[in-house]
Each structure stands twice: as structure tokens, then as C-alpha cells.
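Given next are the chains, with one letter for each unit.
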Amino acid sequence: MDEDLHAGMWFLYDSKIPSDLFSKVYPEDFPEATMLSRNLKNVLVVSVGFLFLFMAAGGLQNLQSSLNAEEGMGVASLSIIYASIIISSMFLPPIMIKNLGCKWTVVAGMGCYVSYSLGNLYPGWYTLMPTSVILGLGGAPLWSAKCTYLTISGNTQAAAQGKRAPDVINQYFGIFFFIFQSSGVWGNLMSSLIFGQDTKIAEIPEEQLRTCGVTECGLVVQSNGTTPRPAQEVVQTLLGCYIGTGTTVTASEENRLTRNL
């Protein structure tokens, strides 16, 4: 029996199998498994963060022509947002990512989006326009940092698992957009449910709706084609939900992301 045991040990030694093969097994002995959960977790954190952020930001931007229709202020703010994004795309992303890293660039960009919701609490040319510029300047670094973060995570995971990097990167981007693209649904649903509490909404009988037309139903059609602004209390409630969502997500990104790439 001892001879068989010695022969087996000699075979292991002669085969150059590592001597620590029989040591205790710990999770850290398998970096692939640990890295898998860490990278996938970070992808999910970023994806859910963008979902909630744009659930608020996207819903608010969709309502600008109605909430701030006076003198075209809402539409002007949207124009400034996208003009600022174009300008910031030219130089801000590499500067911020180099100095702050992807994680903190994402957090800073989300904070810029929250500032726009704050500006809508007391809408005016002196509140909406500056916050529109801030949102636009933070938009380009936010999206660039997100793409960089997912790409680096995909490359790291592919190297750990011995897979092709493009395959893992495409998988991560697929997960992100699968979660993110539903933000428009939830954002509009939130605003619809909250505005449904407005007591100023006209109640039209079912019989009248059957023959309702542009000059019927007893509705007053405005010449500028915009809908009446909801009650201020309802608007404040919606903005409070948007601000709370954006602030919570920004704080969560800072706490939940485990790596600053």
C-alpha cells in the first residue's frame, strides 16, 4: 500500500503538477469566478443607474413644451441642452475620464442631470438656461465614461475567461441597452400617473367622446397647440419624484461601483 502511495506521489512530482494542488480551496484561488461576479455586477449597476436617471430626465424633457410653454422657454432649454452636448463632446470626455476615472465621471455626469430637475422647480430663463448648459456639458462625459467602463470591463472579463473580447463587450452592451431602453416607458408612466391626480383635468362623458372632434366636446383649443399646464402642486410632486430618483441613483453609483477604471 505504501509503495503504491509513493509511486503515485512520484508520478505527480514527475508530471510537474503544482505542489499546492492539494491545498485548501478559497474563492480567491479562482480569480475568474470572482472577476465574473464583479464585472457583471458593475455592468448591472451602471445599467440600472442609467435606467432610473433617464426615467426622470427623459420624462422631464418630454414635458418641456407643456410645462414651460411660456415664450417657448421649454423648447429653448432643450435646444441649449443638445447644443451644449455637441460642444462638450469635442473636448470634455477625455479630460474628465483621464483626471477623474470612469466611475467618478459617471457620478459627476449624473449630478449634472439632477441639476436640470432642480432648475425646473422654479422655471425661468435664469434657472432653466444655466441648468440646461450644465446638463449638456455633463452629458457627453457621462455617455463616454459609460462606454469606456463597459468596454474595459468586457476586455478584463474576456481575458480572465479566455474568450474573445468583442463577444463579451457586445454581451455587456446588450445587457445595458436591454435595461436602459425601458426608461422611456417608466418615465412617461410615472408622469401619467401623477398628472392623473390633477383635479383640473376636464371630465368628458362617454357619449360626448364618441362624437368628439377638434371643435366639439366643449374643449377650448389653444392657438399655439400646447396643452394647459397642470396644477402647480402636481408639477411639484412630479419634480420631487424626479429629483429624488436622480439623487438616489447618483449616490448609489458612487457606493455600488466597485472599480474606478
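Keep in mind that what you see is a predicted model, and the values were worked out from it rather than measured.

## Some thoughts on the nonpolar core
Right, on to step 1. Judged by nonpolar contacts, the single largest core of 45 residues is most densely connected at Phe50 and Leu142.
Right, on to step 2. Contributions of two or more residues to this core are made by α2 (31–62), α4 (73–119), α5 (125–161), α6 (165–180), α7 (183–195) and α9 (232–256).
Right, on to step 3. In terms of residues, this core owes the most to one element, α2, which gives 10 residues.
Right, on to step 4. Excluding its chain neighbours within four sequence positions, the residues that come into contact with phenylalanine 50 are Met55, Val106, Met110, Leu142, Trp143, Lys146, Phe176 and Phe180.

## Focus on α9
Right, on to step 1. With 25 residues, α9 ought to run about 36 Å at 1.5 Å a step, and its terminal C-alpha atoms sit 35 Å apart, in line with that.
Right, on to step 2. Listed in full, the buried residues belonging to α9 are Val234, Val235, Leu238, Leu239, Tyr242, Ile243, Thr245, Gly246, Val249, Thr250 and Glu253.

## Topic: the pattern of salt bridges
Right, on to step 1. Using the criterion set out here, one finds one salt bridge in the structure.
Right, on to step 2. Among the ionic pairs, arginine 164 bridges to aspartate 167, the shortest N-O distance being 2.9 Å.
Right, on to step 3. The exposure class of arginine 164 is exposed, given its relative accessible area of 51%.

## Points about the confidence of the model for the protein chain
Right, on to step 1. Per-residue pLDDT for the protein chain averages 78, and the proportion of residues at 70 or more is 72%.
Right, on to step 2. Of the regions scoring below 50 in pLDDT, residues 1–30 engages in five contacts with residues more than four places distant in sequence or in other chains.

## A short note on the packing of α7 against α9
Right, on to step 1. In the contact formed by α7 and α9, the axes pass within 9 Å of each other and the chain directions differ by 150°. One way to sum up the angle between α7 and α9 is to call them roughly antiparallel. Crossing of α7 over α9 shows right-handed handedness. Of α9, the residues touching α7 (which contributes Gly187, Met190, Ser191, Ile194 and Phe195) are Val234, Val235, Thr237, Leu238, Cys241, Tyr242 and Thr245.
Right, on to step 2. Residue composition of the contact of α7 with α9, by class: eight nonpolar, four polar and no charged.

Thresholds applied
- Residues numbered from 1 in each chain as written.
- Predicted model: local features only at pLDDT ≥ 70, side-chain atom pairs only at ≥ 80, totals over all residues.
- Heavy atoms only, no water.
- Core = buried A, V, L, I, M, F, W, Y, C linked by side-chain atoms within 4.5 Å.
- Buried < 20%, exposed > 50% of the residue type's maximum accessible area, 1.4 Å probe, protein only.
- Helix = DSSP H or I, 4+ residues; strand = E, 2+ residues; numbered from the N terminus.
- Contact = heavy atoms within 4.5 Å.
- Expected span 1.5 Å × (residues − 1).
- Salt bridge = Lys/Arg side-chain N within 4 Å of Asp/Glu carboxyl O.
- pLDDT = per-residue confidence, 0-100.
- Axes fitted to C-alpha atoms, helices over the stretch in contact; angles between N-to-C directions.
- Parallel < 35°, antiparallel > 145°, perpendicular 65-115°, else oblique.
- Left-handed = near helix turned anticlockwise from the far one by under 90°.
- Nonpolar A, V, L, I, M, F, W, Y, C, P; charged D, E, K, R; others polar.

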